[in-house]
Amino acid sequence: MRYSTKLLMMVMVFSVGISVILIDVMLRTEQFNTSGALKHRFQQIVSIPDLGITTAARYLRHYSLSDSTTPFQDYPVSREHFPAGFVYAPPDYSNLSGRISLNPLSKR
Amino acid sequence: MAFRNLLERQRNILDYSLQNLYRRKEKTLFILVIFVLLISVISSILFITGSLTREMLSTVSELPEITVQKIQGGRQTNISATYLSEIESIPGVEAVDPRVWGYFYLESLEANFTIFGFDLDTLEESDYEKLITENPKFASGKESNNIFKMVVGPGVYRLFKKIAMDDTFLFFNPNWGKSIPIDIIGIFKPETELQSVDLMLVQTEAARKILELPTGQYTDLAVYVSNPEEIENIARKIKLHYPELRTITQSQIQSTYSSVFGWRSGLVLSGLLVVIAAYLVLIWDRAGGLSQEERKEIGILKAIGWDTDMILSVKFIEGLILSLMSTILGILLSYIHIYWFDAVGLREVFIGWSTVYPSFKLVPHIDLKYIMLILTIAVVPYCAVSIVPAWKAAITDPDKIIRNGN
């Protein structure tokens, strides 16, 4: 058998794989949309935000409500104590009046 | 006829390229494995972060327009009921909902739970039907007048079942002297697991007792505003009148979610840096030049009459097949890893030290933009570095290459 024929067979196998994945994407998205109303109602009842993907610390569980100094207060020695903390970028603190600086006074 | 000849010529070149890859199968396999690993690492991170962001953003519109917290000494503290009527009187404010919520750390299980105070009697029958599975041990719990009742998340229920407290949970704190028993009247359905996993929806009066919240004090205030144009203005007014209060608007939470797994997040950054470094090493090795054997082969091909462009076509096809195949395989494998095997290995990074966590049954988020980005970054540079050394060898005198091998 020629190598190009073998390649064609491989391309067909890949196409089947991609099709299976695409069908899976459609089915899961459909399921997600069906449960959408349910999730919306849940959010109306429980009006606090954020997903419970990590519940180790309060500023990770409800991190969009946490203030900028919370991690320091929970564990002053380390900038980030809980391992899951490195996963998230800092929340939007645009409502704070100014930057928080931790430099010694003499250096300002 | 001419077209057929052209097609046959291209097919022969393709055959030759594939034969080349097969002849050096150890090397081909090695590059393929490294390439697949790199692509699957980066696409796994993109898939999981994309799905979580999609989940987060899906219900953000239902959140209160403004959340008001009281800040004292840099920390959030309880907010007094006196603010309630004052904020309510601001024109444009539809309603102010004082919330009682907080956390309960259970030392024996090393688990952190979220307690949210809610008047369970106000839940409609349809809410019970849609959202909650009745606890078989308290089939008529929702009708009871008992204030000590709650609905728990699936994660909480699983833990309580382990310690045989799946009917009534005894909240205990040494300061209280006695425990507070709360009946578990229902469990949130698995569809809401990502949000409700650690949640205890407790009758407000009981929640107040568990959280030791004095009368007239609340955790924070949820401010509802009917006109979206007025949200920022009202938030500004609240801050202006009460500098001790902090406001978090719905759009601010939305922008937090949009950038939660952005470049500034450690996970994305570390994943990217590792992949880029490994990819550069791979490219560097390819760009470093051809082996003596490969150069000799090009010399022989030239000597027997092959054109430079034919040799370049062979090398280009070799690079294209290898990189395209690795990219597709890498993306398929990472999809299977994230969505079929619930991101095993990667989910532990998100879970961290949590004891209560949801199963990672996520909604797929395949962003075509990212797929194109991965394809472009993986395929184009690899093909380019496959061609350049071959071109260098192909323009050298064949006699010199065959004799000297360089």
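Residues numbered from 1 in each chain as written. Chains lettered and ligands numbered in written order. Predicted model: local features only at pLDDT ≥ 70, side-chain atom pairs only at ≥ 80, totals over all residues. Heavy atoms only, no water.

**Q** Sorry if this is basic, but what is going on with unusual backbone geometry here?
**A** When glycine is set aside, most residues are seen to have a negative phi, and most peptide bonds are trans. A positive phi angle, near 80°, is found at A:Asp50, a position not held by glycine. Mapping A:Asp50 onto the fold places it in the loop between helix H2 (36-45) and helix H3 (58-61). A positive phi angle is found at B:Glu212, which is not glycine, with a value near 55°. Residue placement: B:Glu212 occurs in the loop between helix H7 (204-210) and strand S12 (217-218). (Helix = DSSP H or I, 4+ residues; strand = E, 2+ residues; numbered from the N terminus.)

**Q** Sorry if this is basic, but what is going on with the packing of helix H2 (residues 25-58) of chain B against helix H12 (residues 308-340) of chain B here?
**A** A pair of packed helices is characterised by two quantities: the angle between their axes and the separation of those axes. Residue and element names in this part refer to chain B. Interhelical geometry of H2 versus H12 gives an angle of 45° and a closest axis separation of 7 Å. Relative to H12, the element H2 lies oblique. The hand of the H2/H12 crossing is right-handed. Class assignment of the residues belonging to the contact of H2 with H12 gives a composition of 15 nonpolar, 11 polar and no charged. (Axes fitted to C-alpha atoms, helices over the stretch in contact; angles between N-to-C directions. Parallel < 35°, antiparallel > 145°, perpendicular 65-115°, else oblique. Left-handed = near helix turned anticlockwise from the far one by under 90°. Nonpolar A, V, L, I, M, F, W, Y, C, P; charged D, E, K, R; others polar.)

**Q** It is not clear to me how the packing of aromatic side chains should be interpreted in this structure. Could you clarify?
**A** How two aromatic rings sit relative to each other is given by the distance of their centres and the angle of their planes. All names here are of chain B. As enumerated under the stated definition, the model contains 18 aromatic pairs over all chains in all. Here the aromatic rings of Phe-47 and Tyr-339 are separated by 5.9 Å at their centres, their planes lie at 50°, and the arrangement is tilted. In this pair, Phe-47 is assigned in helix H2 and Tyr-339 in helix H12, connecting sequence segments 292 residues apart. On the numbers, 5.8 Å between centres and 75° between planes, the contact of Phe-261 with Phe-350 is edge-to-face. With Phe-261 in the loop between helix H9 (250-258) and helix H10 (266-287) and Phe-350 in helix H13 (residues 347-351), this residue pair connects regions lying 89 residues apart in the sequence. Accessibility assignment for this pair places Phe-261 and Phe-350 in one class, buried. (Phe/Tyr/Trp six-rings, centres within 6.5 Å; stacked < 30°, edge-to-face > 60°. Buried < 20%, exposed > 50% of the residue type's maximum accessible area, 1.4 Å probe, protein only.)

**Q** Help me out: how do you make sense of the pairing of strand S6 (residues 111-117) of chain B in this one?
**A** All names here are of chain B. Burial analysis of S6 places 7 of its 7 residues in the buried class, which makes it a mostly covered element. The alternating pattern of S6 places Ala-111, Phe-113, Ile-115 and Gly-117 on one face and Asn-112, Thr-114 and Phe-116 on the opposite face, and all of these are buried. Alignment of strand S5 (residues 101-106) against S6, held across 6 bridges, turns out to be antiparallel. Its bridge partner being in S6, Tyr-103 is matched across the sheet by Thr-114. (Pairing = 2+ DSSP bridges.)

**Q** Just checking my understanding: could you explain the packing of H12(B) against helix H14 (residues 368-394) of chain B for this structure?
**A** Residues and elements named next belong to chain B. Interaxial distance between H12 and H14 falls to 8 Å at its minimum, and their mutual angle equals 155°. With respect to each other, H12 and H14 are oriented roughly antiparallel. Here H12 runs over H14; the crossing is right-handed. Seen from H12, the contacting residues are Thr-308, Ile-311, Leu-312, Lys-315, Phe-316, Gly-319, Leu-320, Leu-322, Ser-323, Leu-324, Thr-327 and Ile-331; seen from H14, they are Ile-371, Ile-374, Leu-375, Ala-378, Val-379, Tyr-382, Cys-383, Ser-386, Ile-387, Ala-390, Trp-391 and Ala-394. Looking at the contact of H12 with H14 residue by residue, the classes come out as 18 nonpolar, 5 polar and 1 charged. (Contact = heavy atoms within 4.5 Å.)

**Q** Quick question: what am I supposed to make of the interface of chain A and chain B here?
**A** How large an interface is tends to be reported as the accessible area lost when its parts come together. Contacts between the two partners involve 61 residues from chain A, matched on the other side by 88 residues from chain B. For the chain A and chain B pair, buried surface summed over both sides reaches about 6900 Å², with 62% attributable to carbon and sulfur atoms. At the boundary of chain A and chain B, one finds 5 salt bridges. Put simply, A:Arg2 and B:Asp15 hold a salt bridge, and the shortest N to O gap is 2.7 Å. (Buried area = accessible area lost by both parts, 1.4 Å probe. Salt bridge = Lys/Arg side-chain N within 4 Å of Asp/Glu carboxyl O.)

**Q** How do you make sense of the domain arrangement of chain B when you look at a structure like this?
**A** Residues and elements named next belong to chain B. Each assigned domain of chain B is listed here: domain 1 (8-58 + 261-405) and domain 2 (62-259). Each of domain 1 and domain 2 was reduced to a C-alpha centroid, and the two centroids are 48 Å apart. Contact residues are listed per partner, giving 12 residues for domain 1 and 17 residues for domain 2. By the criterion of area lost to domain 2, the three top residues of domain 1 are Thr-355, Val-356 and Pro-358, representing 45% of everything that side buries. Inspection of the region where domain 1 meets domain 2 yields 0 salt bridges. Our count for the contact surface shared by domain 1 and domain 2 stands at 4 residue pairs in polar contact (both at pLDDT 80 or more). Looking at the side of domain 1 that touches domain 2 residue by residue, the class counts come to 7 nonpolar, 4 polar and 1 charged. (Domains from an automatic or database assignment. Polar contact = N/O pair within 3.5 Å; in protein donor to acceptor, adjacent residues only side chain to side chain.)

**Q** Quick question: what am I supposed to make of H10(B) here?
**A** An α-helical turn contains 3.6 residues, so a residue and the one three or four places further along point in the same direction. All names here are of chain B. The end-to-end C-alpha distance of H10 is 31 Å, a good match for the 32 Å that 22 residues give at a rise of 1.5 Å each. Regarding H10, the residues found buried are Gly-266, Leu-267, Val-268, Gly-271, Leu-272, Val-275, Tyr-279, Leu-282, Ile-283 and Arg-286. Contact partners of the buried residues in H10: H2, H13 and H14. Just downstream of H10 lies Gly-289, where phi reads positive at about 130°. (Expected span 1.5 Å × (residues − 1).)

**Q** Before we go on, may I ask you to explain helix H5 (residues 154-162) of chain B in this structure?
**A** Those residues of H5(B) not exposed but buried are B:Pro154, B:Gly155, B:Val156, B:Tyr157, B:Leu159 and B:Phe160. Positioned one or two residues after H5(B), B:Ala164 has a phi angle of 55°, which is positive.

**Q** What am I meant to see in a nonpolar patch on the surface here?
**A** A surface patch of nonpolar side chains, about 470 Å² in accessible area, is lined by A:Val16, A:Val20, B:Trp340, B:Phe341 and B:Val344. Given a relative accessible area of 40%, A:Val20 falls into the partly exposed group. (Patch = residues over 30% accessible without salt bridge, like charges linked within 9 Å, V, L, I, M, F, W, Y side chains within 5 Å. Areas by Shrake-Rupley, 256 points an atom, 1.4 Å probe, with all protein chains shown as cover.)

**Q** Before we go on, may I ask you to explain the confidence of the model for chain B in this structure?
**A** Any residue range with low pLDDT should be treated as having predicted coordinates unsuitable for detailed reading. Per-residue confidence for chain B gives a mean pLDDT of 90; residues scoring 70 or more make up 98%. Listed scores for the predicted complex are pTM 0.89 and ipTM 0.86. (pLDDT = per-residue confidence, 0-100.)

**Q** In this structure, what is going on with the pattern of salt bridges? I would like to understand it.
**A** Any two side chains of opposite charge can pair, given that their charged atoms come close. Residue and element names in this part refer to chain A. Across all of its chains, the model carries 19 salt bridges over all chains by this definition. Between Asp-24 and Arg-28 there is a salt bridge, with the nearest N and O atoms lying 2.8 Å from each other. Of this pair, Asp-24 and Arg-28 both sit in helix H1 (residues 3-34), separated by 4 residues, roughly a single helical turn. Among the residues examined, Asp-24 registers a relative accessible area of 15% and is labelled buried.

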